[in-house]
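Observations on the three-dimensional arrangement
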Amino acid sequence: MKRIALILVAAVCTTALLASLAVAGGSMKSESGWFDFENCAFCKNLSAEDGLLEHSTWENYPIKNGMMNIITVEPEYAAAMERAGEHMAALGLKIQSGEVNPMGLDMCQHCQTFGMMMMGGQVAMEEVRGDAATVTLMTSDDEAVVKRLHEMAARDTKEMALLMGGGSEHPHGAEHPH
């Protein structure tokens, strides 16, 4: 179970953050270090795939018992997303097996935070792959963990907007009730 969780952590840590970085045309690293598509051992797999960031979208919302990510990838970039995901999953497996010590990896604060929450074992993940989008739900029955997931969803949205050169609004101007 922890092996599967680690693979999902790798995928969600990075795919949840895709879309708008390339649109901004600026740095691939947030000023705070929350996101780092240049140096993070997981995230850099996405920026290594030419055009992937520019042809993907990301939305992140708090929900009643956790958070939800919605990712879309233009069909012609689906193979690039698969390759990036495979590289991230392989790294996750190396961490899980003990071959790689995560403390020796460069990771953005987002991936560190989410990884620690997942390894705590109180977050359930469910991924639904549809034709138009992939939806990932991260939920918990523990109120303290739900609060941390809500805080993470809010920080992701704020930091992404700052990285894009805007304010702290959701990149798509949407507000999701919870």
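If you're wondering where the values come from, they're calculated on a predicted model, not measured in any experiment.

1. As for helix α6 (residues 143–163)
- Along its 21 residues, α6 runs 30 Å from first to last C-alpha, staying within 8% of the 30 Å computed at 1.5 Å per residue.
- Among the residues of α6, Val-145, Val-146, Leu-149, Met-152, Ala-153, Asp-156, Thr-157, Glu-159, Met-160, Ala-161 and Leu-163 are the ones counted as buried.
- Taking the backbone nitrogen of Ala-144 as reference, a side-chain oxygen 2.8 Å away marks Asp-142 as the first, capping residue of α6.

2. So, the side chain of Asn-45
- With respect to the element layout, Asn-45 can be found in helix α3 (residues 44–47).
- Among all residues touching Asn-45, those that are not within four sequence positions of it are Ala-84, His-87 and Met-88.

3. A few points about the side chain of Glu-49
- Within the secondary structure, Glu-49 is located in the loop between α3 and β1 (56–63).
- Judged by its relative accessible area of 13%, Glu-49 falls in the buried class.
- Ignoring any residue separated from it by four or fewer positions in sequence, one finds Glu-49 in contact with Ala-80, Arg-83 and Ala-84.

4. Re the pattern of salt bridges
- With the rule as written, the count across this model stands at six salt bridges.
- Of the charged contacts, one joins Lys-29 and Asp-36 as a salt bridge, the two residues approaching to 3.9 Å between their closest N and O atoms.
- Residue classification places Asp-36 among the buried residues on the basis of a relative accessible area of 8%.
- Through salt bridges with shared partners, one network takes in Glu-82, Glu-127 and Arg-129.

Rules used throughout
- Residues numbered from 1 in each chain as written.
- Predicted model: local features only at pLDDT ≥ 70, side-chain atom pairs only at ≥ 80, totals over all residues.
- Heavy atoms only, no water.
- Helix = DSSP H or I, 4+ residues; strand = E, 2+ residues; numbered from the N terminus.
- Expected span 1.5 Å × (residues − 1).
- Buried < 20%, exposed > 50% of the residue type's maximum accessible area, 1.4 Å probe, protein only.
- Polar contact = N/O pair within 3.5 Å; in protein donor to acceptor, adjacent residues only side chain to side chain.
- Contact = heavy atoms within 4.5 Å.
- Salt bridge = Lys/Arg side-chain N within 4 Å of Asp/Glu carboxyl O.

Purely geometric stuff here, so don't read any function into it on its own.
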